Amino acid sequence: MPFKVPPTFKSFTLALVQLGNIGANKSDNLRHARAMVLTAASGRADQQKPSIIVLPECFNSPYGHVHFPVYAEEIGYTPGTPYDIAKSKSESVKMLSEVAKETKSWLIGGSIPEKDDTDGKIYNTCTVYSPAGELICMHRKVHLFDIDIPGKITFKESETLTGGKSMNFFDTEFARIGLGICYDVRFPELAMIAARRGCHVLVYPGAFNLTTGPLHWELLQRGRAVDNQVFFSMCSPARDLTAGYHAWGHSMVVNPMGLILSEANEDETIIYADIDPETFKTARAGVPVTTQRRFDVYPDVSVVA
Ligand SMILES: NC(=O)CC(=O)C(=O)O
């Protein structure tokens, strides 16, 4: 991860696209996602336009381990190396790059199933684009969603996916943004390390479900936000009861005091939140845990070699 010190933090507007109608036809999914990003970019009436737009986890394919190999695309991105969009084999990457450029917005392109052309493994991958349409960062879901709650939900991403091996953040002209994907939110270390590395806002495309959503979706986001005194946000697909996986929806943005700034219901929609650096400063000044840690009593588990 490149580390530019000190990172800039200025106010900006974040838009989350809680995308619906994600079906079996990838081209239709891409067309619809593109149209919704364009709508998100036009912003709310009389308000600042969003500087950054977010799509949900698995926005170009149905969500399920049997689908990942079928929808997987080769991206071929090497961190720190310029990426030639024109030569990309990924139709999703091309669409995301074009729409970022067209809207002149930063775009966190949710996630897509990705096949690594060097090892043949499949990942759940988020790509990020600058307003010039450059692919500037990529995060592969680190913690795979393997759960078994009898009578409720069994899901095993590891049937077809491999977990990513890196933590990722990127710098914009207004903030440092840390990335994760869905189940990654359950592992506080990832968010803690991102915050200690100067991230102001953590954005995790995600897709909780009707069992874990009502229990943990809000709790985890508010927890990660308060623990780390950062803005925290997850962008979900809309709920579709005709799909194989029923997403919880409720995309949200939480501030560093744990207050929900904006929340969707379960339907397709776009939500916006104004990210104010003042809240970040006052949260850290008022409740100064960032300077009160007792590493003489317990080790600093966020320190990585
Ligand atoms: N879909 C996920 O990766 C995670 C999830 O639904 C959960 O943690 O619950």
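Basis of the calculations
Residues numbered from 1 in each chain as written. Predicted model: local features only at pLDDT ≥ 70, side-chain atom pairs only at ≥ 80, totals over all residues. Heavy atoms only, no water. UniProt positions renumbered as here; feature names shortened; annotations may be inferred. Near = heavy atom within 4 Å. Polar contact = N/O pair within 3.5 Å; in protein donor to acceptor, adjacent residues only side chain to side chain. Areas by Shrake-Rupley, 256 points an atom, 1.4 Å probe, with all protein chains shown as cover. Buried < 20%, exposed > 50% of the residue type's maximum accessible area, 1.4 Å probe, protein only. Helix = DSSP H or I, 4+ residues; strand = E, 2+ residues; numbered from the N terminus. Pairing = 2+ DSSP bridges. Right-handed = clockwise from strand over helix to strand, strands pointing away.

As annotated in an unreviewed UniProt entry, the protein carries the name Carbon-nitrogen hydrolase and is attributed to Pleurotus eryngii. Per its UniProt entry, the protein bears the Sequence similarities (unreviewed entry) comment "Belongs to the carbon-nitrogen hydrolase superfamily. NIT1/NIT2 family."

Colleague: Please provide a residue-by-residue account of the site of the ligand, values included.
Modeller: Around the ligand sit Tyr63, Lys141, Phe145, Cys182, Tyr183, Arg186, Ala207, Phe208, Asn209, Thr212 and Tyr245, and that is every residue in its neighbourhood. A distance of 2.6 Å separates an oxygen atom of the ligand from a polar side-chain atom of Thr212. Bound to the protein, the ligand loses 100% of the 270 Å² it would expose on its own.

Colleague: For the pairing of strand S11 (residues 201–205), give the residues involved together with the corresponding values.
Modeller: Along S11, five of the five residues are buried, which leaves the element largely enclosed by surrounding structure. Alternating residues of S11 divide into Val201, Val203 and Pro205 and Leu202 and Tyr204, and every residue in both groups is buried. Both strand S10 (residues 176–179) and S11 contribute to a ladder of three bridges, which runs parallel. Its bridge partner lying in S11, Gly178 is registered against Leu202. The parallel pair S10 and S11, bridged by helix H4 (residues 188–196), forms a crossover whose chirality is right-handed.

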